[in-house]
Amino acid sequence: KPAYLRLGRKETPNIASSELIDPDLFAPIELGRAQILQGGGDATIIACGYMVELALRASTELRNHGIYAGVINMHTIKPLDVDAILTAATQTGRIVTIEEGQVAGGLGSAVLEVLAKNDLTPKVKVIGVEDEYGATAETSEQLWNEKGLTVENIIQKVRQTLD
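The structure reproduced in this document is the subject of the present report.

Conventions and cut-offs
- Each residue is numbered by its place in its chain's sequence as written, counting from 1.
- Reporting of local features is limited, given that this is a predicted model, to residues whose pLDDT is at least 70; pairs of side-chain atoms are given and counted only at 80 or more, and all residues count toward the totals for whole chains, interfaces and linings.
- The side-chain numbers reported here are obtained from all heavy atoms of the structure, hydrogens and water having been left aside.
- What we call a nonpolar core is a set of buried Ala, Val, Leu, Ile, Met, Phe, Trp, Tyr and Cys residues that are connected through their side-chain atoms within 4.5 Å.
- Note on exposure labels: buried denotes an accessible area under 20% of the residue type's maximum, exposed denotes more than 50%, and partly exposed covers the range between, all computed with a 1.4 Å probe on protein chains only.
- The numbering of helices and of strands both runs from the N terminus, where a helix is a DSSP run of H or I of at least 4 residues and a strand a run of E of at least 2.
- In this analysis, rings of Phe, Tyr and Trp, with Trp reduced to its six-membered ring, are considered paired at centre separations within 6.5 Å, and the interplanar angle assigns stacked below 30 degrees, edge-to-face beyond 60, and tilted for intermediate values.
- Any two residues having at least one pair of non-hydrogen atoms within 4.5 Å are treated as being in contact.
- Throughout, the arc means the angular range of directions from the helix axis out to the C-beta atoms.
- What makes a salt bridge here is a side-chain nitrogen of Lys or Arg within 4 Å of a carboxyl oxygen of Asp or Glu, nothing more.

1. Some words on the nonpolar core
Next, step 1: Core analysis: the largest hydrophobic core is formed by 26 residues, its most contacted members being Leu-37, Ile-45, Met-51, Leu-56, Ile-98, Ile-154 and Val-158.
Next, step 2: Per-element accounting of this core gives the leading share, seven residues, to helix 1 (residues 51-63).
Next, step 3: With 17 residues, the next largest nonpolar core counts Cys-48, Ile-85, Ile-95 and Ala-110 among its residues.

Dropping the structure here:
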């Protein structure tokens, strides 16, 4: 059957041992069920892959300024954890998604589709690679910075949903 496998250049941080997660919310990976890594009532950041660590760092920085953004690790896009998205939308009314792939047909699109099908209209910002060809660089971080896949940009997008 068709399959998709993404191989990165560097080791992915072990989120399970991160000091940035809330151990009371954390659950082991289960196919089709998102991991709630941090709770928050002001906004929700939904991330996948390498971007999960950036989302955790952004959430921690936001907390230092009195903004509580939860973090969801949407480690599987298909099957997608619809319940996690609907809960985030109804609890915070503000969602920021971040992915290192194309936004068209990716995590952000999937989240928006779930919201549309359920007639929910939270404020949503999607961060990812816009419709363009990839580039080369010496490090992944160089490409991420070029495409706005940064802690600072996540913070900015969360703040925009609060306006």
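On we go.
2. A short note on the packing of aromatic side chains
Where two aromatic rings form a pair, the distance of their centres and the angle of their planes describe that pair.
Next, step 1: By the definition in use, this model includes one aromatic pair.
Next, step 2: Their ring planes at 50° and their centres at 5.5 Å tell us that Tyr-50 and Trp-144 sit as a pair that is tilted. Here Tyr-50, found in the loop between strand 2 (43-47) and helix 1, pairs with Trp-144, found in helix 4 (residues 140-147); they are 94 residues apart in sequence, far enough to count as distant. The burial state of Tyr-50 is the same as that of Trp-144; both residues are buried.

3. As for the environment of Pro-122
Next, step 1: Among the structural elements, Pro-122 can be located in the loop between helix 3 (107-117) and strand 5 (123-129).
Next, step 2: Considering only alpha carbons, one finds Pro-122 and Arg-33, 89 residues apart in sequence, at a separation of 21 Å.
Next, step 3: Non-local contacts of Pro-122, meaning those with residues more than four positions away in its chain, are made with Ala-89, Gly-93, Arg-94, Ile-95 and Leu-115.

4. Here we look at the side chain of Ser-59
Next, step 1: Within the secondary structure, Ser-59 sits in helix 1.
Next, step 2: Of the residues examined, Ser-59 reaches a relative accessible area of 0% and is grouped as buried.
Next, step 3: Beyond its immediate chain neighbours, meaning those up to four positions away, Ser-59 contacts Gln-38, Ile-45, Ile-67, Ala-69 and Val-71.

5. Notes on helix 3
Next, step 1: Inspection of helix 3 places Leu-107, Gly-108, Ala-110, Val-111, Val-114 and Leu-115 among the buried residues, and these make up the whole buried set. Looking down the long axis of helix 3, one finds its buried residues gathered within 165° of arc, a one-sided arrangement. Projecting away from the buried face of helix 3 at angles above 90 degrees are the exposed residues Ala-116 and Lys-117.
Next, step 2: In this structure, the buried residues of helix 3 make contact with strand 2, helix 2 (82-92), strand 4 (94-102) and strand 5.
Next, step 3: Directly after helix 3, the chain includes Asp-119, whose backbone phi takes a positive value near 55°.

6. Remarks on the pattern of salt bridges
Next, step 1: Scanning the entire structure with this criterion turns up two salt bridges.
Next, step 2: A salt bridge links Lys-117 to Glu-113; the nearest nitrogen and oxygen atoms lie 3.3 Å apart. Separated by four residues within a single helix, Lys-117 and Glu-113 lie in helix 3, roughly one turn from each other.
Next, step 3: Take Glu-113: its relative accessible area is 45%, and that puts it in the partly exposed class.
Next, step 4: In this structure, the salt-bridge partner of Glu-146 is Lys-147, at a minimum N-O distance of 3.3 Å.
Next, step 5: On the basis of relative accessibility, which here comes to 54%, the residue Glu-146 falls in the exposed class.

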